[in-house]
Amino acid sequence: QVQLVESGGGLVQPGGSLKLSCAASGFTFSRNTMRWYRQAPGKGRGLVATITSAGGITNYPDSVKGRFTISRDNTKNMVYLQMNSLKPEDTAVYYCNVLIAGTPYWGQGTQVTVSS
């Protein structure tokens, strides 16, 4: 079955960096667009990064553009989110996501806390 396992979250000071990883299995990874979402306390889940199957196209909302970079390694079934210049408002649980035949799949999430 489809499995997504995120890692790499933690506590970081404002202005710092973190790199999140997502290990995927149970589907043909190289054929699917992958996404990262986040959910802050008391808020809905929002999209933060998208990467197409071959990695040729990426997309970000304005809130993270220029600070976050999504990438993937199709030989390892991994997708990454490099987060730089982190702000307190980036504090959230970050989720890896894939949409297969109209069904969304999620990992368990990894907590990112940006605080001094």
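The structure we're discussing is the one just above.
Read on for an overview of the structure. Since the model is a prediction, treat every value here as computed from it, not as a measurement.

## With respect to the pairing of strand E8 (residues 78-83)
The element E8 is largely enclosed, with a buried count of 5 among its 6 residues. Hairpin geometry of strand E7 (residues 68-73) and E8 is characterised by an intervening segment of 4 residues between the two adjacent antiparallel strands and by a positive phi of about 55 degrees at Asn77.

## Focus: the state of the cysteines
A full pass over the atoms with the stated rule returns 1 disulfide. With a sulfur-sulfur separation of 2.2 Å, Cys22 is cross-linked through a disulfide to Cys96. Where Cys22 bonds to Cys96 through sulfur, the torsion about that S-S bond is close to -85 degrees, and the disulfide is left-handed. One end of the pair, Cys22, is in strand E3 (residues 18-25); the other, Cys96, is in strand E9 (residues 92-100), and 74 residues separate them in sequence. We classify Cys96 as buried; its relative accessible area is 0%.

## Considering the environment of Thr58
Mapped onto the secondary structure, Thr58 falls in strand E6 (residues 58-59). Given the relative accessible area of 35%, Thr58 is considered partly exposed. Taking C-alpha positions, Thr58 is 9.7 Å from Met34, a pair spaced 24 residues apart along the chain. When neighbours within four sequence positions are excluded, Thr58 is seen to be in contact with Thr50, Ile51 and Ile70.

## Overview of the pattern of salt bridges
Applying the stated criterion to the full structure yields 3 salt bridges. A salt bridge links Lys65 to Asp62; the nearest nitrogen and oxygen atoms lie 3.4 Å apart. Judged by relative accessible area, Lys65 falls into the partly exposed class, the value being 49%. By relative accessible area, Asp62 is classed as exposed at 68%.

## Brief notes about the pairing of strand E5 (residues 45-51)
The two faces of the sheet receive side chains in turn, since in a regular strand these alternate between them. Relative to E5, strand E4 (residues 34-39) runs antiparallel, the two sharing 6 bridges. Of the residues in E5, the one forming a bridge with Gln39 is Arg45. Between E4 and the antiparallel strand that follows it, E5, lie 5 residues; Gly42 among them carries a positive phi value of about 75 degrees. Relative to E6, E5 runs antiparallel, the two sharing 2 bridges. When the bridges of E6 are listed, Ile51 appears paired with Thr58. Count of turn residues in the E5/E6 antiparallel hairpin: 6 residues, of which Gly55 carries a positive phi of about 85 degrees.

Rules of the game
- Per-chain numbering applies: the sequence of each chain, read as written, is numbered from 1 onward.
- Reporting in this predicted model follows two pLDDT cut-offs: at least 70 for local features of residues, and 80 or more for side-chain atom pairs to be given and counted; totals over whole chains, interfaces and linings ignore these cut-offs and use all residues.
- Working from all heavy atoms in the structure, the side-chain values ignore hydrogens and water.
- The buried label applies to any residue whose accessible area, calculated with a 1.4 Å probe on protein chains only, is under 20% of its type's maximum; exposed applies above 50%, and partly exposed to all values in between.
- Put simply, DSSP marks the helices as runs of H or I at least four residues long and the strands as runs of E at least two long, and each gets a number from the N terminus on.
- Here, any two strands with at least 2 DSSP bridges between them count as paired.
- Two cysteine sulfur atoms make up a disulfide if the distance between them is within 2.5 Å.
- Residues count as neighbours in contact if any of their non-hydrogen atoms are within 4.5 Å of one another.
- A pairing counts as a salt bridge when a side-chain nitrogen of Lys or Arg comes within 4 Å of a carboxyl oxygen of Asp or Glu.

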